[in-house]
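Chain by chain, the residues:
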Amino acid sequence: MTAPMDRFSSPAQVPAMVLAAGRGERMRPLTDTVPKPLLPVQGVALLEWHLRALAQAGVPNAVINTAWLGAQISERFGGVFGLQRNEYGGSALSISYSHEGLDFGRALETAGGIARALPQLGPVFWLAAGDVFAPDFVFAADAVHRFAGGTALAHLWLVPNPAHNPRGDFGLSEQGVALNLPADSPEPRYTYSTLALLRAELFQSPWCDLPAGNPQGESAALAPLLRRAMDAGRVTASLYTGRWTDVGTPERLAQLNA
């Protein structure tokens, strides 16, 4: 087991990984010519809402993975978000890319994409999905400090179940531990928001079988890794009740823009 970071050397902030490689099949025809993370919500690209929040929180750099129409994303945001101390109150956010589409001709799913980008991240990092609207979420430095000083492999933010996911994903104990509940469990489940703090150790054996940097471009989902870690008591969670929408259909996008 990797030793936790010393509480006095925990970084004020850590890098972020923003997932933006999906095809967005359910959003067609909107995504036939525009990648889903660039679809506008209230006049601002979905992905930019996260970049603003990351910059405001003082996150130093973000890695964005791309596949479908990925060149549009890198052309839109370039290498820096906010050239100096930016209008959102934070510092400039450096941006780098993991171009799965160019490297392998396809997206690598969540865990595969993270494993591929891991050399650009660090021992602890934020995770956010570029197609989720969560304008109230704060990438708080004190959350980083608590997580980095512990032994959990992941800290998830869970949300009340939306209509499209009524059964939820994971349970939550009174002690703030995420639970991989059996299918027949009567305990309440909540939906994983896609917002998380992760430890790079989660992408090593015994939790993950992908080699460092995922050089062969293997596809893998994140949920099985999280469930293995939950079974070992290594995942914590918080319930998030701010505005949150998984912008998975044109109807949900229209509702946000109404």
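Report follows, based on the coordinates. (Residues numbered from 1 in each chain as written. Predicted model: local features only at pLDDT ≥ 70, side-chain atom pairs only at ≥ 80, totals over all residues. Heavy atoms only, no water.)

### Topic: the layout of surface pockets
By volume, the largest pocket amounts to about 920 Å³. Along its surface, the largest pocket is lined by 37 residues, and Leu19, Thr110, Ala129, Asp131 and Thr194 are the ones closest to its centre. Broken down by secondary-structure element, the contributors of at least two residues to the lining of the largest pocket are β1 (16-20), α4 (109-117), β7 (124-129), β12 (191-199) and α6 (223-231). Looking at side-chain class alone, the lining of the largest pocket contains 17 nonpolar, nine polar and eleven charged residues. Space inside the second largest pocket adds up to approximately 210 Å³. What lines the second largest pocket is a set of 14 residues, among which Ala143, Arg146, His155, Trp157 and Ser238 lie closest to the centre. If you list the elements that add at least two residues to the lining of the second largest pocket, you get α5 (141-148), β9 (154-159) and β13 (235-239). With three residues, the single largest contributor to the lining of the second largest pocket is α5. (1 Å grid on protein atoms, 1.4 Å probe; cavity = no way out; pocket = protein on both sides within 12 Å on 5 of 7 lines; lining within 4 Å. Points joined across faces, edges and corners; volume = space filled by probe spheres on them. Helix = DSSP H or I, 4+ residues; strand = E, 2+ residues; numbered from the N terminus. Nonpolar A, V, L, I, M, F, W, Y, C, P; charged D, E, K, R; others polar.)

### Side note on α6
Every buried residue of α6 is accounted for by Leu225, Leu226, Ala229 and Met230. With its buried residues spanning 135 degrees around the axis, α6 presents them on a single face. If you follow the buried residues of α6, they end up packed against α4, β9, β11 (178-179) and β13. (Buried < 20%, exposed > 50% of the residue type's maximum accessible area, 1.4 Å probe, protein only. Arc of directions from axis to C-beta. Contact = heavy atoms within 4.5 Å.)

### Comments concerning the packing of helix α1 (residues 46-56) against helix α2 (residues 70-77)
Where α1 meets α2, the closest approach of the two axes is 12 Å, and the angle between their N-to-C directions is 40 degrees. Put simply, α1 runs oblique to α2. Crossing hand, α1 versus α2: right-handed. Note on element contacts: α2 touches α1 through Ile73, Arg76 and Phe77, opposite Leu47, Glu48 and Leu51. (Axes fitted to C-alpha atoms, helices over the stretch in contact; angles between N-to-C directions. Parallel < 35°, antiparallel > 145°, perpendicular 65-115°, else oblique. Left-handed = near helix turned anticlockwise from the far one by under 90°.)

Take it as geometry only, folks, not as evidence of what the structure does.
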